[in-house]
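Reading the structure
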There are 2 protein chains.
Amino acid sequence: MCNESVIGYIETRRSIRRFTDEQVTRETIEALIDAARWAPSGLNNQPWRFITVESREVLDKLASFTKYSRILKSATAAIAVFIDTSRIYHREKDIQSIGAAIENILLAAHSYGLGACWLGEILNRHEEVENALEAPLDLELMAVIALGYPLDDEPPVAKNRYPLDEVIVKHL
Amino acid sequence: MCNESVIGYIETRRSIRRFTDEQVTRETIEALIDAARWAPSGLNNQPWRFITVESREVLDKLASFTKYSRILKSATAAIAVFIDTSRIYHREKDIQSIGAAIENILLAAHSYGLGACWLGEILNRHEEVENALEAPLDLELMAVIALGYPLDDEPPVAKNRYPLDEVIVKHL
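Residues numbered from 1 in each chain as written. Chains lettered and ligands numbered in written order. Predicted model: local features only at pLDDT ≥ 70, side-chain atom pairs only at ≥ 80, totals over all residues. Heavy atoms only, no water.

**As for the overall build of chain A**
For clarity, the cut-off: Where helices and strands are cited, they refer to DSSP runs of H or I of at least four residues and of E of at least two residues respectively, numbered from the N terminus. The globule rule used here is 2.2 Å times the number of residues to the 0.38 power, and the radius of gyration it is set against is calculated over C-alpha atoms. The rule is simple: take the accessible area with a 1.4 Å probe, protein chains only, and divide by the maximum for that residue type; under 20% is buried, over 50% is exposed, in between is partly exposed.
A tally of regular secondary structure across chain A gives seven helices and five strands. Tracing chain A from N to C terminus, the helices and strands come up as α-α-β-α-α-β-α-β-α-β-α-β. For 172 residues, the compact-globule formula gives about 16 Å, and the C-alpha radius of gyration of chain A, at 17 Å, lands near that figure. In terms of overall dimensions, chain A has C-alpha extents of about 50 × 45 × 30 Å along its principal axes. Expressed as a percentage of the 172 residues in chain A, the buried residues total 55%.

**A word on the interface of chain A and chain B**
For the record, the criterion: Residue contacts are counted whenever heavy atoms from the two residues lie within 4.5 Å of one another. Summed over both partners, the accessible surface that disappears when two parts come together, traced with a 1.4 Å probe, is what is meant by buried area. Counted as a polar contact is a pair of N or O atoms within 3.5 Å, where, for protein atoms, one must be capable of donating a hydrogen and the other of accepting one, and residues adjacent in sequence contribute only when both atoms are in side chains. The classification used treats Ala, Val, Leu, Ile, Met, Phe, Trp, Tyr, Cys and Pro as nonpolar, Asp, Glu, Lys and Arg as charged, and all other residues, Gly among them, as polar. Strands are labelled as partners when DSSP assigns at least two bridges between them.
The partner chain B presents 76 residues to the 76 residues of chain A that form the contact. Here chain A meets chain B over a buried area of about 6900 Å², counting both sides, of which 58% is carbon and sulfur. Three residues stand out in chain A for area buried against chain B, namely Trp-38, Gln-96 and Leu-172 of chain A, and they jointly supply 12% of the buried area on that side. The tally of links from chain A across to chain B stands at 46 residue pairs in polar contact (both at pLDDT 80 or more). Secondary-structure elements contributing two or more residues to the side of chain A that touches chain B are α1 (3-12), α2 (26-36), β1 (48-53), α5 (91-111), β4 (139-148), α7 (164-167) and β5 (168-171) of chain A. Per element, the largest residue contribution to the side of chain A that touches chain B is 15 residues, and it comes from α5 of chain A. Residues belonging to the side of chain A that touches chain B are distributed by class as follows: 40 nonpolar, 16 polar and 20 charged. Pairing of β5 of chain A with strand β1 (residues 48-53) of chain B involves three bridges; the strand directions are parallel. Note on β1 of chain B: the bridge partner recorded for His-171 of chain A is Thr-52 of chain B.

**Overview of unusual backbone geometry**
Glycine aside, negative phi is the norm for most residues, and most peptide bonds take the trans geometry. Residue and element names in this part refer to chain B. Unlike most non-glycine residues, Gln-46 shows phi in positive territory, near 50°. Considering the arrangement of structural elements, one finds Gln-46 in the loop between α2 (26-36) and β1. The class of Gln-46 is buried, set by a relative accessible area of 2%. Even without glycine at this site, Glu-134 takes up a positive phi of about 50°. You can see Glu-134 is positioned in the loop between α6 (126-132) and β4 (139-148).

**Looking at the sheet that holds strand β3 (residues 115-119) of chain A**
Note the threshold: A fitted line through C-alpha atoms represents every axis, and for helices the fit uses only the stretch in contact; the resulting angles, taken between N-to-C directions, go from 0 to 180 degrees.
Spatially, β3(A)-β4(A)-β2(A)-β1(A)-β5(B) is the arrangement adopted by the five strands of the open sheet, whose pairing is mixed. Two strands in the sheet have a free side with no partner beyond their single neighbour: β3 of chain A together with β5 (168-171) of chain B. Going across the sheet, the axis of each strand differs from the next one's by a mean of 20°, ignoring polarity. Contacting β1, β2 (77-84), β3 and β4 of chain A, α5 of chain A runs over the sheet at an angle of about 15° to β4 of chain A.

That's the geometry; what it means functionally is another story.
See the structure below:
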């Protein structure tokens, strides 16, 4: 069993912001959402909903709603992640579950050799995104994930994280 | 490369609520938190903090704060997950990142043959948990994850999820 690779993929996952021209296929995007939906949620309420984007025109439109526009202009696909407000059990617990579903997307993307970048600053203009995507009224934008095949023209930036003993407050 | 196993672990992960007497070691718990900290966060602010619990007395104390007490009474370890409110960049985006970190814990646990259960209902009594653990004042409880080695005495319940075409609203 490939035990090591789960930890390996968790540790080697990086935010990728520059992509090649290669189109991410519908089948691949659906495989990522397939992974997302296996995340846990309170009372198994599964509050996540998705709009997938492959249209260059729509990607460029979304790019205009964030200061990180270059990432979406470079991406060849995106997944807009929503919370279905009609299914909320406990808002903040459900938002955590949305994050778990997003992490599944990011890890699945990485395992397929895709690059991905989780965009959150775009939430500042979430209504414009929701309107541009004609999202149903119950859906509230939680994130946009830019996708594509990584442009490997620069050495990967080393990831930095606080060491374990800074994030573990105490052992009881 | 073990590409398949990431998706495999994502799909086969289940909430485990009954555990054997086998103690989860400190080393194993730290390996789970090591996985958690590689999650992405806005501006890489890493708002997660953890208190690890191996003490039977403290586990039973935490059990008294949730209606799902049997899970913690059975567990041989737990991780209390907090958000550091002094490091918040954007509360709901940070809460999503906490969820991503939790998913890393759950996937890492599964890959190590551990069972885990993400407890959210305990948030209803978060102040009592924070007091019992003597958490620093800036830390706000986000979840408690019960841990142990799965008691395999009953066939696993099939996981059910809404099909893909229910969670994908549209393709653009």
